[in-house]
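# Report on the structure
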Amino acid sequence: IYALEMEAYRSELKRNKGSLKERFLLGFNACISNHGQNYTRATFWLLGCISLIALVLANDQPENQWVPTYIPMPDWWLSMMQMLNGFALGFLPFSKLYEGREHLALFIMLATFGLSGITWQLLVALRRHSRK
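Procedures and definitions
- Residues numbered from 1 in each chain as written.
- Predicted model: local features only at pLDDT ≥ 70, side-chain atom pairs only at ≥ 80, totals over all residues.
- Heavy atoms only, no water.
- Phe/Tyr/Trp six-rings, centres within 6.5 Å; stacked < 30°, edge-to-face > 60°.
- Salt bridge = Lys/Arg side-chain N within 4 Å of Asp/Glu carboxyl O.
- Helix = DSSP H or I, 4+ residues; strand = E, 2+ residues; numbered from the N terminus.
- Buried < 20%, exposed > 50% of the residue type's maximum accessible area, 1.4 Å probe, protein only.

### A word on the packing of aromatic side chains
A full pass over the atoms with the stated rule returns 3 aromatic pairs. Considering the side-chain rings of Trp-76 and Trp-77, the 5.8 Å spacing of their centres and the 90° angle between planes classify their relative orientation as edge-to-face.

### A word on the pattern of salt bridges
Inspection of every chain in the model, using the stated rule, returns 2 salt bridges. A salt bridge links Asp-60 to Arg-101; its shortest N-O distance comes to 3.4 Å. Here Arg-101 lies in the loop between helix H5 (95-98) and helix H6 (105-131) and Asp-60 lies in the loop between helix H3 (39-59) and helix H4 (75-89), a separation of 41 residues in the sequence. Between Glu-99 and Lys-96 there is a salt bridge; the shortest N-O distance is 3.5 Å. The exposure class assigned to Glu-99 is exposed, which follows from its relative accessible area of 51%.

These figures capture arrangement, not role.
This is how it looks when you write it as structure tokens:
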């Protein structure tokens, strides 16, 4: 019932052009765990996210490069990424995670936020399922 209520609310927000923040959070919630109703979906998302992070971090080692790391990029893109990595380096709670991987600071910050969100969704879904 809860998932149906959330889907109705999500549709209402979409029709009435509700706040972007609410639409994003409800969409994220629906996609990851069907509003806390599906713990297997959340588990697969968590495993997929962990696999992607592991691939990126393993590929960062010169001896493990499965995917080519040099792709020609325009100067504006490189400048923007350098600026965004600098922003991420300023986020002090993660400073130890960045050591030796400053060029991946933005990715590490976003991956940490993503893992936290997906883990939360998994815990909510497990809690709801254990109550049934």
